[in-house]
Amino acid sequence: MELKRKVLAYITKGEGTKREILVFEHKDNPNAGLQVPGGTIEVDELLIDALYREIEEETGINREDLELKGKVIKSNYFPEHKNVIYERNIFHLTFIGKEHDGWEHRVYGGGEDDGMIFCHRWVPINKLPELAANQDQAIEFI
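Calculation notes
- Each chain has its residues counted from 1, running along the sequence as written.
- Predicted model: local features are reported for residues with pLDDT of at least 70 only, side-chain atom pairs are reported and counted for 80 or more only, and whole-chain, interface and lining totals are derived from all residues.
- The side-chain numbers reported here are obtained from all heavy atoms of the structure, hydrogens and water having been left aside.
- UniProt positions are given in the numbering used here, feature names are shortened, and annotations may be inferred rather than shown by experiment.
- In DSSP terms, a helix is any run of H or I states spanning at least four residues, a strand is any run of E spanning at least two, and both are numbered starting from the N terminus.
- Our radius of gyration is a C-alpha quantity, and the globule rule it is checked against amounts to 2.2 Å times the number of residues to the power 0.38.
- DSSP bridges decide pairing: two strands pair if at least two such bridges lie between them.
- Stacked, edge-to-face and tilted labels apply to pairs of Phe, Tyr and Trp rings (six-membered ring for Trp) whose centres lie within 6.5 Å, assigned for plane angles under 30 degrees, over 60, and everything in between, in that order.
- Relative accessibility decides the category of a residue: with a 1.4 Å probe and only protein chains considered, values under 20% of the type maximum give buried, values over 50% give exposed, and everything between is partly exposed.
- What makes two residues a contact is simply this: any of their non-hydrogen atoms within 4.5 Å.
- Polar contact criterion, stated in full: a pair of N or O atoms within 3.5 Å, where within protein one must be able to donate a hydrogen and the other to accept it, and residues adjacent in sequence count only if both atoms are side-chain atoms.

The name an unreviewed UniProt entry assigns to the chain is 8-oxo-dGTP pyrophosphatase MutT (NUDIX family), from the organism Sporosarcina psychrophila. Recorded in UniProt under Sequence similarities (unreviewed entry), the annotation for the chain is "Belongs to the Nudix hydrolase family."

Right under this line is the structure:
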């Protein structure tokens, strides 16, 4: 079975009952479900570098607009009908940049989602719907 190393980013803003998390949907494929930024760690790439690279590629948010709170959990995910294990490294970051409610961003970076348009928005954590592929598995830890 193949092992693929991944990073996921729980990006939040606000405090207490006003705390929100950044999520996105594929503009042309809503069936892909609600997701958080993340992706594959490249060969010889540091976890932290992969994290910031994936966030910027998928959201357009720069490293300077984020404050790293820490690593939340490392776990394995076994997608149905695939002969692969995803090693997930989930991080929590706080958005400290200029406020904007929602935006579209065209993904770049040459990966399999290159050129796709993601529609981003903030959702209250206490009202977060189920995320695709069990990406919400560690929400309770942030």
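Enquirer: For this particular structure, what's the right way to read the overall build of the chain?
Expert: A count of helices and strands for the chain gives 1 helix and 7 strands. Ordered by position from the N terminus, the helices and strands of the chain form the series β-β-β-α-β-β-β-β. Taking 14 Å as the expected radius of gyration for a compact globule of 142 residues, we find that the chain reaches 14 Å, a close match to that expectation. Seen through its C-alpha atoms, the chain measures out along the principal axes to roughly 40 × 30 × 30 Å.

Enquirer: Sorry, what's going on with the pairing of strand β1 (residues 2-13) here?
Expert: The two faces of the sheet receive side chains in turn, since in a regular strand these alternate between them. Alignment of β1 against strand β5 (residues 84-95), held across 11 bridges, turns out to be parallel. When the bridges of β5 are listed, Ile11 appears paired with Leu93. Bridge count between β1 and strand β3 (residues 38-40): 3 bridges; the pairing is antiparallel. In the sheet register, Val7 faces β3, and the bridge partner there is Gly39. Summarising the sheet, β1 and strand β2 (residues 20-26) pair through 2 bridges and their orientation is antiparallel. Bridge pairing links Lys13 to Glu20 in β2. The hairpin formed by β1 and β2 contains 6 residues between the paired strands, and Gly14 there has a positive phi angle of roughly 85°.

Enquirer: For this particular structure, what's the right way to read the packing of aromatic side chains?
Expert: Where two aromatic rings form a pair, the distance of their centres and the angle of their planes describe that pair. Counting across every chain of the model gives 3 aromatic pairs. With a centroid separation of 4.2 Å and 15° between ring planes, the pair formed by Phe24 and Phe118 is classed as stacked. Highlighted residues: Phe24 in strand β2 and Phe118 in strand β7 (residues 117-124), separated in sequence by 94 residues. Accessibility classification places Phe24 together with Phe118 in one group, the buried group. Centroid distance Phe95 to Trp122: 5.6 Å. Interplanar angle 50°. Geometry classified as tilted. Residue Phe95 is located in strand β5, and its partner Trp122 is located in strand β7; the two are separated by 27 residues in the primary sequence. An identical accessibility class is assigned to Phe95 and Trp122; each is buried.

Enquirer: Quick question: what am I supposed to make of the environment of Arg88 here?
Expert: Mapped onto the elements, Arg88 comes out in strand β5. Each C-alpha atom, one on Arg88 and one on Val7, is 5.7 Å from the other, the two residues being 81 residues apart in sequence. Aside from chain neighbours lying at most four places away, what touches Arg88 is Lys6, Leu8, Ile73, Lys74, Ser75, Tyr77, Ala133, Asn134, Gln135 and Gln137. A polar atom in the side chain of Arg88 sits 3.2 Å from the backbone oxygen of Asn134.

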